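So the chains spell out like this:
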Amino acid sequence: MGTAALLRAAGVGAGDEVVVPAFGNVDVAEAVTLAGAQPVFADIDPETYCLALSAVETVLTSRTAAVVVVHRFGRLADVARMRDLGQRHGLLVLEHTELETSRDETARRRERAAFLDARLRGVRTPEGGPGHSYQQYVVRVPGNGRPDRDAFARAVRAKGVDCRIPVRTPLHRLPEFRRYVSLPETERAADETLALPVDASLTKRDMHRIASACNALGGLLAPAL
């Protein structure tokens, strides 16, 4: 059963608010709208990229009916603490999971992530955390915002590395969901994050090329003092 159907089955609809992240997953906000409710955006934790518990608490109102917790990039959200919050406030808490990979695929992704963790310089590597499956290996490019990250991405691609920007525009900046809210961690993550390949099919030579390409550029794009 999809998110919209689960919300409707729980009686969530017109006049209700549902807290969701603005960092990606337009389908979650669309599901809330489809159920007849209003999506309300809360900020993320800068380490996990999942909804921050404290940020959710700040946006709760008398109309809040539910929270949709999204696991991000293979990193599991702290659902237990969010459910505790839900119980205290009488809220429905739903989980939105990513596509799952096989145990073998996950093990290989973790190996490649560990390789990059040990070798990358000039970028901020992801916090692993328990159960991280590395659906995406997301680093932060230091600098003064989007131009630095985008320049880094172009340069790495020119060296044959298939990187991608995971979330270019947060949902609260999209025309259909535009909100004038303060989401500093969401904005910063959208400007700085870059997903590097860790697919199981990558060879050791591929992984060395990724690390070398990034390390040759990282120091060049640091912010000027």
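Throughout this description, residue numbers start from 1 for each chain and increase along the sequence as written. The predicted origin of the model limits local features to residues at a pLDDT of at least 70 and limits the giving and counting of side-chain atom pairs to 80 or more, whereas totals for whole chains, interfaces and linings rest on all residues. Values shown for side chains rest on all heavy atoms present in the structure; no hydrogens or waters enter the calculation.

Turning to empty space enclosed by the protein, a few remarks are in order. Residues are said to line a cavity or pocket when one of their atoms sits within 4 Å of a point; the points come from a 1 Å grid over protein atoms alone, cavities being sets where a 1.4 Å probe fits but cannot get out and pockets being open sets with protein on both sides within 12 Å along at least five of seven lines. Grid points are joined across faces, edges and corners, and a volume is the space filled by probe spheres set on the points. By the definition in use, this model includes two cavities of 30 Å³ or more. Lining the largest cavity, in full, are Glu47, Thr48, Tyr49, Arg72, Phe73, Arg75, Pro126, Glu127, His132, Gln136 and Val138. In this model, the second largest cavity occupies a volume close to 50 Å³. When residues are grouped by polarity, Ala, Val, Leu, Ile, Met, Phe, Trp, Tyr, Cys and Pro land in nonpolar, Asp, Glu, Lys and Arg in charged, and all others, Gly among them, in polar. Taken together, the residues of the lining of the second largest cavity break down into four nonpolar, one polar and four charged.

Moving on, we come to the packing of aromatic side chains. Aromatic contacts are taken between Phe, Tyr and Trp rings whose centres are within 6.5 Å, Trp giving its six-membered ring; a plane angle under 30 degrees counts as stacked, one over 60 as edge-to-face, and the others as tilted. Per the counting criterion, the structure on display carries five aromatic pairs. Seen in terms of ring centroids, Phe23 and Tyr49 are 5.8 Å apart; in terms of plane orientation they differ by 20°. Their pairing is stacked. Taken together, the residues Phe23 in the loop between β1 (17–21) and α2 (26–34) and Tyr49 in the loop between β2 (38–42) and α3 (53–59) connect sequence positions 26 residues apart. Across the pair, exposure class does not vary: Phe23 and Tyr49 are buried alike. The rings of Phe23, Tyr49 and Phe73 are connected pair by pair, giving a single aromatic cluster. Counting from the N terminus, the helices are the DSSP runs of H or I reaching at least four residues and the strands are the DSSP runs of E reaching at least two. A simple rule labels every residue: compare its accessible area, found with a 1.4 Å probe on the protein chains alone, to the largest value its type can have, and call it buried under 20%, exposed over 50%, or partly exposed in between.

Take the pairing of strand β6 (residues 193–196) next. Residues of β6 alternate between two faces, with Thr193 and Ala195 on one and Leu194 and Leu196 on the opposite face, all of them buried. Note on pairing: DSSP must find at least two bridges between two strands before they are called paired. Sheet analysis places strand β5 (residues 137–140) next to β6, joined by four bridges and oriented antiparallel. Of the residues in β6, the one forming a bridge with Val138 is Ala195.

Here, nonpolar core refers to any group of buried Ala, Val, Leu, Ile, Met, Phe, Trp, Tyr and Cys residues whose side-chain atoms link them within 4.5 Å. Judged by nonpolar contacts, the single largest core of 25 residues is most densely connected at Leu116, Leu120, Tyr137, Phe152, Leu194, Leu196 and Ile210. Mapped by element, the contributors of at least two residues to this core are α5 (103–119), β5, α6 (146–158), β6 and α8 (204–218). Broken down by element, the residue count for this core peaks at six residues, all from α8. Those residues in contact with Leu120, other than ones at most four positions away along the chain, are Thr125, Tyr137, Val139, Leu196, Ala211, Cys214 and Asn215. Any two residues whose heavy atoms approach within 4.5 Å at even a single point are treated as in contact.

In what follows, salt bridge is the name for a side-chain nitrogen of Lys or Arg lying within 4 Å of a carboxyl oxygen of Asp or Glu. In this structure the tally under the stated criterion is 13 salt bridges. When the shortest N-O distance is used, the salt bridge between Arg88 and Glu57 registers 3.3 Å. Pair noted here: Arg88 is in helix α4 (residues 79–89) and Glu57 is in helix α3, with a separation of 31 residues, a long-range link. Using a relative accessible area of 38% as the deciding quantity, one classes Glu57 as partly exposed. Across the pair Arg209 and Asp206 runs a salt bridge whose closest N-O atoms are separated by 3.2 Å. Residue Arg209 and its partner Asp206 are located together in helix α8, separated by three residues, close to a single helical turn. Each of Arg149, Asp150 and Arg168 takes part in salt bridges that share partners, so that together they form one network.

With that settled, consider the side chain of Asn25. You can see Asn25 is positioned in the loop between β1 and α2. Setting aside chain neighbours within four positions, we find Asn25 in contact with Val70, Arg72, His96 and Leu171.

Right, let's get into the confidence of the model for the protein. pLDDT gives the predictor's per-residue confidence on a scale running from 0 to 100. Scored by pLDDT, the protein comes out at a mean of 92, with 94% of its residues at no less than 70. Scored below 50 in pLDDT, residues 220–225 shows nine contacts in the model against residues more than four places distant or in partner chains.

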